[in-house]
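Summary of structural features
Here are the chains, one letter per residue:
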Amino acid sequence: MRQDAQAKILQELRDNYSASDGITSIWRNRAREDLQFVQGDSYNNYQWDAGALMSRMGGSGNAPRVTLTINKTQAHVAQILNSCKQQQQGIKVNAVGGGAHDVAANALEGIVRHIQTYGNAVQNAYNTAMEFQIKCGLGWVHLEADYEDNTSNDQALFINSVANPLSVYWDPNTSEADFRDMEWAMIVEEYDRASFERRFREDFSDFVGKDMDVGSASSDNFQMTYQTEDMVKVIVYYRRSRKYDTLWTVPLPDENQPGAVINTFLLQSEMTPEELELAREKQLFKRRVLNDVVEKFIIAGDTVIDHGPTVFKNIPLVPWIGNEYRGELFNGQRDYTGIVRCMID
């Protein structure tokens, strides 16, 4: 990637991170507290207020007293999670719209079921997202296209889990309940140096390693840099762009009814020069359309190490939402809660 194009992407990343962090910082802080509270025990004392704990341990000159933690929250979480796991989980395909029929819907559902089974999506991705949905109000599922294995050039779709929902930053302007109108999203992760070299690149000498200031006081003290001896920060960044195309209405003979024709819709970008010339000669109906294209960037430190288009039309990160609070009543902030927040005293 050219230096000017890379600088533009990095600046876009700074701006988008700052926007997302600014609108979700309260949720991120509270989500950490929720996740700590549900894991509280007598060793970590996560369910104790810091001041009360210090007082009971003799920090104010008082005699030390017993500090027990009886974690009832975890039992409620497990009850809901186990009940959800007992339900049949999966994607259902219904035949709707003109020309749709059950045979095609069943065939598509079989393909989707194979994708879910091949990647063990129910046990890995769905259950992980559901667990965070219950605990802190928001979990994620990550869709990826990758090669099936090292002996094939065929690609397949994988439904992967997101181990840490706090690592996801997304477009704060999304308004749809399922976030399908997101224009961008990113996953920010850290790798130890050896794992990074194995997964992304063996030659580490290409990286400059400059700190990249995002221009905001982040709750995570976010800096895009690899310049530590042991850790490398890696960002998977998706953005959706739109490209203009022309949709042609092409009448073709109906194989089932001799003498009849059916309308077929073809994009100009997918037509051969001969088909396009014929359509223009016959002055077929056409209209201008916008096609969504999702691009993927992998950024390590301050360097874009990989980029390219994907097969997706929407950002391939799917949220699993508990309770969502947004709007002017919450000062423009977004907050997400599970059952744990209500149990914190």
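Description of the structure in this document. (Residues numbered from 1 in each chain as written. Predicted model: local features only at pLDDT ≥ 70, side-chain atom pairs only at ≥ 80, totals over all residues. Heavy atoms only, no water.)

Digging into the overall build of the protein chain
Which entries qualify depends on this criterion: Helix and strand labels come from DSSP, where a helix needs a run of H or I of at least four residues and a strand needs a run of E of at least two; each type is numbered from the N terminus. The globule rule used for comparison is 2.2 Å times the number of residues to the exponent 0.38, while the radius of gyration itself is calculated over C-alpha atoms. Throughout this description, buried means an accessible area under 20% of the type-specific maximum (1.4 Å probe, protein chains only), exposed means over 50%, and partly exposed covers the range between. It only takes one pair of heavy atoms within 4.5 Å for two residues to be counted as in contact.
Counting secondary structure elements, the protein chain contains seven helices and eleven strands. Computed over C-alpha atoms, the radius of gyration of the protein chain comes to 25 Å, more than 25% over the 20 Å expected from 2.2 N^0.38 for 345 residues, which places it beyond the range of a compact globule. Projected onto the principal axes, the alpha-carbon positions of the protein chain cover approximately 95 × 50 × 50 Å. Relative to its full complement of 345 residues, the protein chain shows a buried share of 39%. Put simply, 64% of the contacts in the protein chain that link residues at least 6 apart link residues at least 24 apart.

Here's the deal with a negative patch on the surface
Heads up, the condition is: What makes a patch is a set of residues exposed beyond 30% relative accessible area and free of salt bridges, joined within 9 Å when like-charged and within 5 Å when nonpolar (Val, Leu, Ile, Met, Phe, Trp, Tyr). For the accessible areas, the method is Shrake-Rupley and the probe is 1.4 Å, while residue cover comes only from the protein chains on display. When a carboxyl oxygen of Asp or Glu lies within 4 Å of a side-chain nitrogen of Lys or Arg, that pair is called a salt bridge. Working convention for charge: Lys and Arg count positive, Asp and Glu count negative, and His plus the chain ends are omitted. Charged groups are reduced to one reference atom each: NZ for lysine, CZ for arginine, CG for aspartic acid, CD for glutamic acid.
Taken together, the side chains of Glu-274, Glu-275, Glu-277 and Glu-281 make up a negatively charged region of the molecular surface. Here Glu-274 is to be found in helix α7 (residues 273-281).

Brief notes about the nonpolar core
The cut-off we apply is this: What makes a nonpolar core is a set of buried Ala, Val, Leu, Ile, Met, Phe, Trp, Tyr and Cys residues whose side-chain atoms join them at distances within 4.5 Å.
Of all hydrophobic cores here, the largest spans 23 residues; its most connected members are Trp-140, Trp-170 and Leu-317. Of all elements in the fold, only α1 (3-38), α5 (122-136), β1 (138-147), β3 (168-170), β4 (184-192), β5 (231-253) and β9 (317-321) reach the threshold of two or more residues within this core. In terms of residue count, the dominant contributor to this core is α1 (three residues). Not counting residues within four places of it along the chain, the set of residues in contact with Trp-170 comprises Ser-20, Thr-24, Trp-27, Arg-28, Leu-138, Trp-140, Phe-179, Met-182, Trp-184, Ala-185, Arg-334 and Tyr-336. Grouped together as the second largest cluster of nonpolar side chains are 13 residues, Leu-10, Val-188, Ile-235 and Ile-299 included.

Quick notes on the side chain of Lys-135
To keep it simple, the criterion reads: Pairs of N or O atoms are called polar contacts if they sit within 3.5 Å, as long as, within protein, a hydrogen donor faces a hydrogen acceptor (for residues adjacent in sequence, only side-chain-to-side-chain pairs).
Its place among the elements puts Lys-135 in helix α5. Of note is the side chain of Lys-135, whose polar atom sits 2.6 Å from the side chain of Glu-131. Contact partners of Lys-135, with chain neighbours within four places excluded, come to Asp-34, Leu-35, Val-38, Gln-39, Val-77, Gly-338 and Val-340.

A short note on the pattern of salt bridges
Pairing between side chains of opposite charge can happen when their charged atoms approach one another. Under the counting rule described, the total for this entry stands at 19 salt bridges. Note that Asp-178 is salt-bridged to Arg-180, the shortest N-O span being 3.1 Å. A salt bridge links Arg-334 to Glu-324, with the nearest nitrogen and oxygen atoms 3.7 Å apart. Of this pair, Arg-334 sits in the loop between β10 (323-325) and β11 (335-337) while Glu-324 sits in strand β10, placing them ten residues apart in sequence. Residue Arg-334 is classed as buried on the basis of its relative accessible area, which comes to 4%.

Focus on the environment of Ile-315
Here Ile-315 shows up in the loop between β8 (303-309) and β9. As for Ile-315 and Glu-183, which are separated by 132 residues in sequence, their C-alpha atoms are 7.1 Å apart.

Some thoughts on the sheet that holds β9
Formally: Between any two strands, pairing holds if DSSP finds at least two bridges. The convention used is that axes are lines fitted to C-alpha atoms, helices contributing only their stretch in contact, and that angles between N-to-C directions extend from 0 to 180 degrees.
Taking strand neighbours across the sheet as the criterion, the three strands line up as β2-β1-β9 in an open arrangement whose pairing is antiparallel. Each edge of the open sheet carries a strand with a single partner, namely β2 (155-161) and β9. Taking the axes of each pair of neighbouring strands and ignoring which way they run, one obtains an average angle of 20° across the sheet. The strands touched by α5 within the sheet are β1, β2 and β9, with β1 carrying the most contacts at an inclination of about 160°.

Quick look at the layout of surface pockets
Let me state the cut-off plainly: Cavities and pockets were defined on a 1 Å grid built from protein atoms only: a cavity is a group of points that admits a 1.4 Å probe but offers it no way out, a pocket is an open group of points flanked by protein on both sides within 12 Å along at least five of seven lines, and a lining residue is one with an atom within 4 Å of any such point. Grid points are joined across faces, edges and corners, and a volume is the space filled by probe spheres set on the points.
Each pocket or cavity is described by its volume, and for the largest pocket that value is around 890 Å³. As for the largest pocket, its lining consists of 32 residues, and the residues nearest its centre are Glu-144, Arg-199, Val-236, Lys-296 and Ile-298.

A few points about the pairing of β9
Of the two faces of β9, the one holding Leu-317, Pro-319 and Ile-321 is buried and the one holding Val-318 and Trp-320 is not buried anywhere. Bridge count between β1 and β9: five bridges; the pairing is antiparallel. Its bridge partner being in β9, Trp-140 is matched across the sheet by Pro-319.

Digging into the packing of aromatic side chains
To keep things clear, this is the line we draw: For Phe, Tyr and Trp, rings pair up if their centres lie within 6.5 Å, where Trp contributes its six-membered ring, and each pair is then called stacked (planes under 30 degrees apart), edge-to-face (over 60) or tilted (otherwise). In this scheme, Lys NZ or Arg CZ marks a charge over a ring once it lies within 6 Å of the ring centre and within 35 degrees of the ring normal.
Counted by the stated rule, this structure contains ten aromatic pairs. On the basis of an interplanar angle of 70° and a centroid distance of 6.1 Å, the ring pair of Trp-27 and Trp-170 is categorised as edge-to-face. With Trp-27 in helix α1 and Trp-170 in strand β3, this pair connects stretches of sequence that are 143 residues apart. Take Trp-27 and Trp-170: they sit in the same class, and that class is buried. Cluster of aromatic residues (ring-pair linked, three or more members): Trp-27, Trp-140, Trp-170, Phe-179 and Tyr-336. The ring centre of Tyr-169 lies 3.8 Å from the NZ or CZ of Arg-28, which sits over that ring. Sitting over the ring of Tyr-244, Arg-288 keeps its end group 3.9 Å from the ring centre.

Some remarks on the pairing of β1
Strand direction decides the pairing type here: β1 and β2, joined by seven bridges, are antiparallel. Within β2, the position partnered with Val-141 by the bridge is Ser-161.

Looking at helix α3 (residues 73-85)
Which entries qualify depends on this criterion: To estimate how far a helix should extend, the number of its residues minus one is multiplied by 1.5 Å. When we speak of the arc, we mean the arc of directions from the helix axis to the C-beta atoms.
Across its 13 residues, α3 extends 18 Å between first and last C-alpha, which sits within 8% of the 18 Å expected from 1.5 Å per residue. Buried residues of α3: Thr-73, Val-77 and Leu-81, and no others. Down the axis of α3, the buried side of the element spans an arc of 50°, and every buried residue falls inside it. Buried positions along α3 lie against α1 and α5.

Structural measurements only, silent on function.
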